[in-house]
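Results of the structural survey
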Amino acid sequence: QELGYLVNLEDLDLSSNKLTGSIPNTFGSLVKLTGLYLRDNQLSGFIPREIGYLVKLEELYISNNTIMGSIPDTFGNLTKLTTLQLSENQLFGHVPQEIGNLTNLEKLEFSNNYLSGPLPPNLCISGRLKNFTAEVNYLNGPLPSSLLNCRSLVRVRLEMNQLEGDISEMGAHPNLVYLDMKSNKLFGQLSYKWGESRKLNKLSISNNNITGKIPASMGQMFQLQILDLSSNKLEGEIPSELGKLKKLFYPSLADNSLHGSIPQEIWSLSSLEFLDFSSNYLSGLVQGSIENCLMLHSFNLRHNNFKGSIPPILGALHNLQDKLDLSDNSFVGAIPSQLSDLTMLETLNLSNNVLTGLIPSSFKGMESLTLIDLSYNELEGPVPESKLFRGAPIQWFMHNNMICGVVKGLPPCSSATQNGGKMKGYKTLALAMVTTTICLVLVVSILVFRHERNKSKSIVNSRVTQEKLFSIWSFDGENVFKKIVEATNNFSETHCIGTGGYGSVYKARVSTCEIFAVKKIHTIQDDCYVNEAMFNSEIEALVWIRHRNIVKLFGYCSSRQGRFLIYEYMERGDLAEILRSNARAIELDWRRRIHIVLDVIHALAYMHHDCSSPVVHRDITSNNILLDVEFRACISDFGTAKILDIDGQNITRLAGTKGYLAPELAYTDNVTEKCDLYSF
């Protein structure tokens with residue numbers, strides 16, 4: 001308090017100590033003070049209103065304390081203030097509009113607080129503001145027009161707020177070096193004016209609602225090193241002019257609606273370290289002088305429409321360390337053995353393509369690998385013998401032609417060889433019996449047979465009603481059963497994530513940190529026959545179909561303790577629940593909704609036209625559409641599904657949800673694929 005009596009004091013610096021308590025009100029008496037430095041202490045309490053009476057104050061630093069409360073509106077009196085630094089505190093409330101009238105401000109910082117409301121409308125109206133940081137708050141409302149057109153800005157950080165508004169006029173900032181506005185609610189288009197920001201090193205506007213095309217003028221931002229436009233609604237092609245950004249090392253355009261091919265000019269950027277063009281509609285061949293990008297650490301083209309073979313030249317990118325992800329495309333042919341030259345690589349994902357042939361034996365030398373996903377291809381032959389592959393989970397190799405070897409759950413290669421490589425023999429391999437009291441059948445591979453219908457049905461029915469363990473990949477069924485019971489605390493309500501008339505669904509995290517959804521069938525005596533029939537129908541349908549938009553059945557159990565099915569866990573739950581919550585429905589922008597529609601269409605088209613016998617779901621509703629963390633949609637709940645007899649009528653009892661039933665089912669019991677289309 002006594003410091004407030006030094007009325008002739010002009011400069012007071014108490015920063016970087018361990019001061020506690022509150023800022024004394026008596027500081028308001030230091031009327032000659034031009035600099036007050038209290039940062040990097042342990043001060044608490046509120047900012048005294050009296051500080052706003054120090055009209056000669058030019059610099060005020062109170063950052064990195066535990067100050068709480070609001071910013072005093074008396075700060076509007078500090079007209080000579082050039083620097084106001086309030087970051088890293090616990091301030092809340094609105095930013096006083098009067099701060100926008102401080103025309104001498106060059107540095108304004110109040111990041112990492114709990115501030116809310118709009119920004120002052122007159123920010124940068126004087127054209128002097130250089131550094132403005134307000135990231136990680138709860139600010140909302142539009143960006144002030146004075147800020148959008150501010151040419152003096154050097155460094156701006158507004159990320160992780162709830163700011164709205166059109167940024168179409170933004171871009172003409174000749175002095176701007178750093179701009180981060182990710183994770184807000186900004187909209188509009190990227191202006192051609194961005195070409196005037198020649199000093200810009202970083203531009204991040206990811207996770208907003210930006211539309212339109214990437215302007216070619218961005219190729220004039222010659223100092224740009226980081227460009228992050230991911231998770232927006234950008235369309236059009238990637239401009240070849242981006243190939244002029246010779247200092248660019250981090251381009252991320254993921255999760256947009258870009259189409260066309262990757263411009264050849266991109267591969268001339270020898271400074272590239274991180275490239276992420278995933279989750280777009282890019283197509284064509286991956287070709288060009290990729291070997292120029294020798295500095296690449298991470299390369300992600302997942303979830304596009306690329307085709308052709310995987311370029312062997314990728315093996316020349318010896319610095320690839322974090323990731324090589326080409327999954328969910330249409331790559332064909334063999335896996336290039338040259339990829340084994342990526343000795344520093346930790347993650348290799350080639351899943352969901354149409355790759356054929358063998359897994360290169362040279363992969364056993366990739367000692368840095370911690371994950372390799374080759375699932376959903378048409379690969380065959382032995383898995384390379386190495387520490388990684390011996391301890392690998394079966395999921396990395398699921399849904400291929402005939403993979404064998406050291407992975408637990410795969411058949412030994414000798415057995416596959418004796419069977420002459422016949423897919424039928426591999427896919428119907430029955431192994432391992434457990435106790436007579438429980439029978440756990442783990443169906444982890446997609447069983448596609450080309451038998452006649454009657455023969456197929458007899459095989460399935462015998463497997464469904466069997467009361468002893470059958471395991472496709474030699475799992476210890478009793479052990480897995482115990483893990484499921486343990487993970488759900490014996491199907492405790494605390495683990496229940498959904499309940500229906502047919503069964504309850506539980507979230508099960510097993511000791512391997514894998515998460516499954518376990519559907520336990522109700523055992524009410526009156527419904528026992530109906531539930532058993534639905535249980536069998538669900539298994540019968542799911543063991544015959546394979547598609548990325550149909551929920552995966554990992555296994556099932558039928559024992560005296562009860563019946564349950566083990567599915568992949570879909571993090572976001574069912575579509576109906578999301579749509580009922582306004583807060584969650586906001587996440588489903590039009591682009592994501594279109595993708596969900598397309599996912600369901602692809603699944604239905606597969607079920608109706610690509611299976612050996614058509615499968616009709618009979619209960620397509622938003623309750624039975626599940627979404628994973630990336631909003632991939634999967635059809636679930638096949639308890640009412642029907643495998644059709646293509647040579648005759650398919651008379652069956654009425655099933656489905658009221659309001660979604662096809663009208664013809666009111667006068668006929670003959671079910672067809674059209675019933676699903678009506679429900680859809």
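Scroll up for the structure.
About the criteria used
In every chain, residue numbers begin from 1 and rise along the written sequence. Owing to the predicted nature of the model, reporting of local features is limited to residues with pLDDT of at least 70; listing and counting of side-chain atom pairs is limited to 80 or more, with chain, interface and lining totals taken over all residues. Here the side-chain values reflect all heavy atoms present in the structure, with hydrogen atoms and water set aside. The numbering of helices and of strands both runs from the N terminus, where a helix is a DSSP run of H or I of at least 4 residues and a strand a run of E of at least 2. Burial status follows relative accessibility: with a 1.4 Å probe on protein chains alone, a residue under 20% of its type maximum counts as buried, one over 50% as exposed, and anything between as partly exposed. By definition in these notes, contact holds between two residues if any of their heavy atoms fall within 4.5 Å. Only the protein chains shown count as cover for residues, with accessible areas throughout obtained via the Shrake-Rupley method and a probe of 1.4 Å. Throughout this description, the term nonpolar core refers to a set of buried Ala, Val, Leu, Ile, Met, Phe, Trp, Tyr and Cys residues connected via side-chain atoms within 4.5 Å. Per the annotation, domain bounds derive from an automatic or database assignment of domains. In protein, a polar contact means a hydrogen-donor-capable atom and an acceptor-capable atom, both N or O and within 3.5 Å, with residues adjacent in sequence counting only if both atoms are side-chain atoms; elsewhere, any N or O pair within 3.5 Å suffices. Whenever a carboxyl oxygen of Asp or Glu lies within 4 Å of a side-chain nitrogen of Lys or Arg, that contact is scored as a salt bridge. Only a pair of cysteine sulfur atoms within 2.5 Å counts as a disulfide in this structure description. Each pair of strands is called paired provided DSSP finds at least two bridges between the two strands. Whenever a helix is involved, its axis is fitted only over the stretch in contact; in every case the axis is a line through C-alpha atoms, and angles between N-to-C directions fall within 0 to 180 degrees.

Okay, the overall build of the chain next. Each helix and strand counted, the chain has 11 helices and 41 strands in total. Counting across all 680 residues of the chain, residues that qualify as buried make up 52%. Expressed as a percentage of contacts within the chain between residues at least 6 apart in sequence, the contacts between residues at least 24 apart total 51%. Surface accessibility of the chain: about 29,700 Å² in total, with carbon and sulfur atoms responsible for 50%.

Phi angles above zero are rare outside glycine, and Ser-231 is one such case at about 55°. Residue placement: Ser-231 occurs in the loop between strand E17 (226-228) and strand E18 (250-252). Ser-231 sits in the partly exposed class, given a relative accessible area of 23%. Phi is positive for Ser-279, close to 55°, though the residue is something other than glycine. On the secondary structure map, Ser-279 appears in the loop between strand E20 (274-276) and strand E21 (281-285).

In this section: the nonpolar core. One finds Phe-110, Phe-132, Leu-143, Trp-194, Leu-203, Leu-324 and Phe-397 to be the most contacted residues of the largest nonpolar core, which totals 115 residues. Of all the secondary-structure elements, those providing two or more residues to this core are helix H1 (145-148) and helix H2 (387-390). Of the domains in this structure, domain 1 (1-152) and domain 2 (164-306) are the two that each give at least three residues to this core. Not counting residues within four places of it along the chain, the set of residues in contact with Leu-143 comprises Leu-119, Leu-148, Leu-158, Leu-163, Glu-164, Ile-167, Met-181 and Leu-186.

One can find Asn-329 in the loop between strand E24 (323-325) and strand E25 (330-333). Side-chain polar atoms of Asn-329 contact the backbone nitrogen of Phe-306, separated by 3.1 Å. Setting aside residues no more than four positions away along its own chain, Asn-329 makes contact with Leu-301, Arg-302, His-303, Asn-304, Asn-305, Phe-306, Asn-352 and Asn-353.

With that settled, consider the pattern of salt bridges. What the rule picks out here adds up to 16 salt bridges. Among the salt bridges present, the one from Asp-180 reaches Lys-182, with a minimum N-O distance of 2.8 Å. With a relative accessible area of 1%, Asp-180 lands in the buried category. A relative accessible area of 24% places Lys-182 in the partly exposed class. One salt bridge connects Lys-202 with Asp-180, and the closest N-O pair in it is separated by 3.4 Å. Taken together, the residues span a long stretch of sequence, with Lys-202 in strand E15 (residues 202-204) and Asp-180 in strand E13 (residues 178-180) at a distance of 22 residues. For Lys-202, a relative accessible area of 16% gives the class buried. Linked through salt bridges whose partners overlap, the residues forming this network are Glu-135, Arg-157 and Glu-159.

With that settled, consider the state of the cysteines. All told, the structure shown has two disulfides when counted by the stated rule. Cysteines bonded in the chain are numbered consecutively along the chain; their disulfide partners then correspond to 1-2, 3-4.

Attention shifts here to the sheet that holds strand E39 (residues 625-627). Taken in spatial order, the three strands make up an open sheet running E37-E39-E40, and their pairing is antiparallel. Among the strands making up the open sheet, the edge pair consists of strand E37 (573-574) and strand E40 (633-635). Where E37 lies against E39, two bridges are found, and the strand directions are antiparallel. Within E39, the position partnered with Asp-574 by the bridge is Leu-626. Together, E39 and E40 form the strand contacts of helix H10 (residues 590-610), whose direction differs from that of E40 by roughly 35°.

Our focus in this paragraph is the sheet that holds strand E8 (residues 114-117). Taken together, the seven strands give an open sheet; going across it, the order is E4-E6-E8-E10-E12-E14-E16, and neighbouring strands pair in parallel fashion. Looking at which strands have only one partner, the edges of the open sheet turn out to be strand E4 (68-69) and strand E16 (209-211). Sheet analysis places strand E14 (residues 185-189) next to E16, joined by three bridges and oriented parallel. Of the residues in E16, the one forming a bridge with Phe-187 is Asn-209.

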